[in-house]
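The primary structure of each chain is shown beneath.
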Amino acid sequence: MRYWLMKSEPSDVSIDDLAALPAQTVAWYGVRNYQARSFMRDQMRVGDKVLFYHSSCAEPGIAGLAEVSRLAYPDETQFDQANKYFDPKATRETPRWFNVDVRLVKKTRLMPLREIRAAPALAGMRILQKGNRLSITPVDPREYEFIVSQL
C-alpha cells in the first residue's frame, strides 16, 4: 500500500463536494504534469490511502481522508475540445493523460499548511520542499500516520 497527498482546488472539487457525489467518488481529472500523471498511471493501486488537500484557497491544508478506488484510465477531458483540459496531441489510441477514481473515507478538521510546516515529524514532506508544485505527491507511511493521529 502507498500513501499520497492529492491537491484539489475547493472551487473545483472540495471535500464537501466529494461527500455529496454519488458513491462519494470522483475521477481525479485534469492533471497535466507528467510526473503526477505517472504516479497515477504507474504507481497508484486500489486501496492506496490519500490525504485530500485543499489548495489555491484562503487556507490550504488537509481536509479529509480518501482512498484510490479505481486504477488509472484515460482522462476523458483530454478528448473534449470544449474542455480547458483538452489536449490536441492526445488520441484514444494513445492517450497522454490518465486519472484514478478517489473515494471519500472521512472528512476531517482542516489541518492547515502552517500546522504541517510547524510539525518536525513532517519536515521531509514533499509538499514542503522548495519549488514543489506537484498536485500529487507520495507520502511516507510515518508522515501519513502522524497526520492521521493529529486529525
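For the structure, see preceding data.
No experiment lies behind these values; they were computed from the predicted model shown.

Engineer: Tell me about the pattern of salt bridges, and name the residues and values.
Structural biologist: The full count for this structure, using the stated rule, is 10 salt bridges. Across the pair Arg103 and Glu67 runs a salt bridge, and its minimum N-O distance is 2.2 Å. With a gap of 36 residues between them, Arg103 in strand E5 (residues 98-112) and Glu67 in strand E4 (residues 61-74) connect regions that are remote in the sequence. Residue classification places Arg103 among the partly exposed residues on the basis of a relative accessible area of 30%. Classification of Glu67 as buried rests on a relative accessible area of 15%. A network of salt bridges, in which partner residues are shared, links Lys49, Glu67 and Arg103.

Engineer: Residues and numbers for the sheet that holds strand E6 (residues 136-138), please.
Structural biologist: Picture the strands of a sheet paired through backbone hydrogen bonds; they go either parallel or antiparallel. If you walk across this open sheet you meet the six strands as E2-E5-E4-E3-E1-E6, and the pairing is mixed. Of all strands in the sheet, those bounded by a partner on one side alone are strand E2 (25-27) and E6. Direction aside, the axes of adjacent strands within the sheet are offset by 35° on average. In terms of strand pairing, strand E1 (residues 3-8) meets E6 through three bridges, oriented antiparallel. Opposite Leu5, over in E6, you have Thr137 as the bridge partner.

Engineer: Tell me what's going on with the pairing of strand E3 (residues 49-54), and back it up with residues and numbers.
Structural biologist: Regular strands place side chains that alternate from one sheet face to the opposite one. Within E3, five of the six residues are buried, leaving the element largely enclosed by the surrounding structure. Inspection of the sheet shows E1 paired to E3 by six bridges, in the parallel sense. What sits directly across from Met6, in E3, is Phe52. Sheet topology note: the E3/E4 ladder contains six bridges and is antiparallel. What sits directly across from Leu51, in E4, is Leu65. In this structure, the hairpin formed by E3 and E4 is closed by a connection of six residues, where Ser56 is found at a positive phi of approximately 50°.

Engineer: Give me the side chain of Asp101: which residues, what numbers.
Structural biologist: Note on placement: Asp101 falls in strand E5. One buried charge, Asp101, has no salt-bridge partner; the nearest side chain with opposite charge is Arg70, at 4.1 Å. A distance of 2.4 Å separates a polar atom in the side chain of Asp101 from a polar atom in the side chain of Tyr73. Excluding residues within four positions of it along the chain, Asp101 makes contact with Thr25, Val26, Ala27, Glu67, Val68, Ser69, Arg70 and Tyr73.

Engineer: Which residues make up the nonpolar core, and what are the values?
Structural biologist: One broad rule of soluble globular proteins: the nonpolar side chains tend to lie buried together. Met6, Trp28, Met40, Met44, Val100 and Ile136 are the most contacted members of the largest nonpolar core, which has 22 residues in total. Leave out the neighbours within four places in its chain, and Trp28 touches Met6, Lys7, Ser8, Met40, Phe52, Phe98, Asn99, Val100, Val102 and Ile136.

Cut-offs used in this document
Residues numbered from 1 in each chain as written. Predicted model: local features only at pLDDT ≥ 70, side-chain atom pairs only at ≥ 80, totals over all residues. Heavy atoms only, no water. Salt bridge = Lys/Arg side-chain N within 4 Å of Asp/Glu carboxyl O. Helix = DSSP H or I, 4+ residues; strand = E, 2+ residues; numbered from the N terminus. Buried < 20%, exposed > 50% of the residue type's maximum accessible area, 1.4 Å probe, protein only. Pairing = 2+ DSSP bridges. Axes fitted to C-alpha atoms, helices over the stretch in contact; angles between N-to-C directions. Lys, Arg positive; Asp, Glu negative; His and termini not counted. Polar contact = N/O pair within 3.5 Å; in protein donor to acceptor, adjacent residues only side chain to side chain. Contact = heavy atoms within 4.5 Å. Core = buried A, V, L, I, M, F, W, Y, C linked by side-chain atoms within 4.5 Å.

The values are spatial; any link to function lies outside them.
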